[in-house]
Amino acid sequence: AKPGRDDILKGLEGNLCRCTGYDAIMQAADYLKKSLSPEQPLLPKKIRDAGERIGQLADIWQDVTEENRESYSTIDYIKPASVSELTEILDKFPDRDDYALINGGTDILVQANVNRVYHPRLIDIAEIEELKFIRESEGRIEIGATTTLTEIDQSPLIREKLPLLNRAIEIIASSQIRNLATLTGNIGNASPVADTPPVLMVLDATLELTSSGNTRQIKLEEYFLDYKKTALNRGEFISKIIIPIRQGDSLYRNMLKAAKRRAVDISTVNSAISLQIRENNCKDVRIAFGGVAVYTALAKKTMAFIENRVFEPQWFAEAAEIAMQEFTPISDVRGQKDYRSVVIRNHLLHYLTECYELYQQKQGKGGEDRE
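## Re the packing of aromatic side chains
Remark: the centre distance and the inter-plane angle together describe each pair of aromatic rings, the angle taken between the planes. Evaluated as defined, the whole model comprises 11 aromatic pairs. Note on W315 and F316: the rings are 5.0 Å apart at their centroids and 80 degrees apart in plane angle, and the pair reads as edge-to-face. Given the relative accessible area of 5%, F316 is considered buried. Members of the aromatic cluster, joined through ring pairs, are F305, F311, W315, F316, Y356 and Y359. The side chain of R135 reaches across the aromatic face of F133, ending 3.8 Å from its centre. Against the face of F305 rests R309, its NZ or CZ located 3.9 Å from the ring centre.

## Side note on the side chain of D124
For D124, the location among the structural elements is in strand β3 (residues 121–124). Here D124 sits buried without a salt bridge, and the closest side chain of opposite charge, K79, lies 4.5 Å off (N-O distance). Excluding anything up to four places from it in sequence, D124 contacts Y77, I78, K79, P80 and I102.

## Things to note about the sheet that holds strand β2 (residues 100–102)
The strand order β1-β3-β2 describes an open sheet built from three strands, whose pairing is parallel. Because the sheet does not close on itself, it has two edges, and the strands there are β1 (76–78) and β2. Ignoring which end each strand starts from, the neighbouring axes of this sheet average 20 degrees apart. Sheet analysis places β1 next to β3, joined by three bridges and oriented parallel. Bridge pairing in β3 links Y77 to L122. Seen against the sheet, helix α4 (residues 83–90) touches β1, β2 and β3 and runs at an angle of roughly 165 degrees to β3.

## Here's the deal with the sheet that holds strand β5 (residues 140–144)
Taken in spatial order, the five strands line up as β4-β5-β10-β6-β7 in an open sheet, and their pairing is antiparallel. Each of the sheet's edge strands pairs with one partner strand only, and the pair in question is β4 (134–137) and β7 (214–219). Strand after strand, the sheet turns through a mean of 25 degrees between neighbouring axes, direction not considered. Where strand β6 (residues 206–211) meets β7, six bridges bridge the pair, whose relative direction is antiparallel. Its bridge partner lying in β7, T210 is registered against T215.

## Points about the environment of K132
If you trace the backbone, K132 turns up in the loop between β3 and β4. Assessed through its relative accessible area of 27%, K132 is described here as partly exposed. Distance from K132 to T148, taken between C-alpha atoms, is 8.2 Å for residues 16 residues apart in sequence. For K132, the residues in contact, after removing those within four places along its chain, are T146, T147, T148 and E151. Of the polar contacts made by the side chain of K132, one reaches the side chain of E151; its length is 3.4 Å.

## Focus on the packing of helix α14 (residues 316–326) against helix α15 (residues 337–362)
One way to put it is that α14 packs onto α15 with a least axis distance of 8 Å and a crossing angle of 145 degrees. As α14 runs across α15, the sense of the crossing is right-handed. Along the contact surface, α14 presents F316, A317, A319, A320, A323 and M324, while α15 presents S341, V342, I344, R345, L348, L349, L352, T353 and Y356. Residues belonging to the contact of α14 with α15 are distributed by class as follows: 12 nonpolar, two polar and one charged.

Rules of the game
Residues numbered from 1 in each chain as written. Predicted model: local features only at pLDDT ≥ 70, side-chain atom pairs only at ≥ 80, totals over all residues. Heavy atoms only, no water. Phe/Tyr/Trp six-rings, centres within 6.5 Å; stacked < 30°, edge-to-face > 60°. Buried < 20%, exposed > 50% of the residue type's maximum accessible area, 1.4 Å probe, protein only. Lys NZ or Arg CZ within 6 Å of the ring centre and 35° of its normal. Helix = DSSP H or I, 4+ residues; strand = E, 2+ residues; numbered from the N terminus. Lys, Arg positive; Asp, Glu negative; His and termini not counted. Salt bridge = Lys/Arg side-chain N within 4 Å of Asp/Glu carboxyl O. Contact = heavy atoms within 4.5 Å. Pairing = 2+ DSSP bridges. Axes fitted to C-alpha atoms, helices over the stretch in contact; angles between N-to-C directions. Polar contact = N/O pair within 3.5 Å; in protein donor to acceptor, adjacent residues only side chain to side chain. Left-handed = near helix turned anticlockwise from the far one by under 90°. Nonpolar A, V, L, I, M, F, W, Y, C, P; charged D, E, K, R; others polar.

Okay, structure coming up:
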């Protein structure tokens with residue numbers, strides 16, 4: 001099938017053009033789409049042949065072990081094949097600083113290349129198959145730790161039950177990164193500007209933490225303790241994410257990301273909201289912001305102000321002001337603190353205004369839920 005505009009844009013996501021030639025690239029892609037028949041290959045023969053040869057390399061793959069401490073002072077690279085093997089390995093190390101877990105590696109490699117942050121041991125869990133799943137159970141969705149963002153995004157179950165999570169994943173980095181990156185990886189290192197934690201918080205996500213002989217669950221908002229600090233104990237890892245399925249009339253969910261580019265960029269501020277209108281009152285209000293504090297957090301004061309209020313525009317500005325005062329952003333290369341405060345206010349005003357308009361349209365019309 002010929003690619004649509006969205007397919008072409010996704011294909012370009014990981015290829016930044018320094019001469020602002022995106023329009024020309026899009027025009028070229030549109031021309032090829034229109035001029036080539038479905039039977040005609042898009043790529044030249046040399047490139048197709050090279051692709052076939054690269055695919056054959058999997059047949060001769062072999063592990064090569066070579067010590068090199070000139071540029072990266074790592075003692076071990078360990079790749080467990082099962083959860084039991086992983087917990088056995090983690091039991092050997094008394095301190096969390098003795099190792100770093102890799103689950104896609106898209107962030108930890110940036111830490112090494114850009115910030116020169118190195119870890120003595122790298123434990124790669126990406127190929128533990130028993131942690132790769134998406135399933136529905138007892139009114140909730142469970143996502144295994146090694147499931148990639150692409151696999152989540154392409155899941156019919158997620159698209160049907162948790163479309164807001166799809167929207168969050170589609171704005172993360174590029175398709176190349178999403179093929180490797182994982183949801184637990186996006187959560188695990190407690191980055192305050194990670195794209196998925198605000199959405200997962202408003203979806204009321206729970207993390208399952210596993211260690212040798214023990215499993216416990218913790219709400220996502222309790223997982224973050226400080227900048228890059230989490231509630232993980234010695235020997236623990238995130239084994240799955242649990243998200244309850246919520247339905248009902250007038251359920252509104254949305255998310256926004258403020259960044260310098262539409263794709264392949266880190267957030268300046270990101271946010272998400274979930275609320276339900278019952279008998280013209282706001283219920284089950286959850287609002288989360290990232291990029292405005294040392295870790296992603298719920299706007300608890302704002303949520304308390306909105307909860308149980310009659311849904312009317314008279315108090316929208318006051319709620320936005322409370323949200324703006326609830327956080328104390330910092331200034332950095334991605335945005336000044338005053339700018340971030342304004343974005344907080346504007347995000348909440350956007351959510352409340354849009355939700356109110358949709359709710360008014362639904363009155364007496366039996367409309368569908370909006371996510």
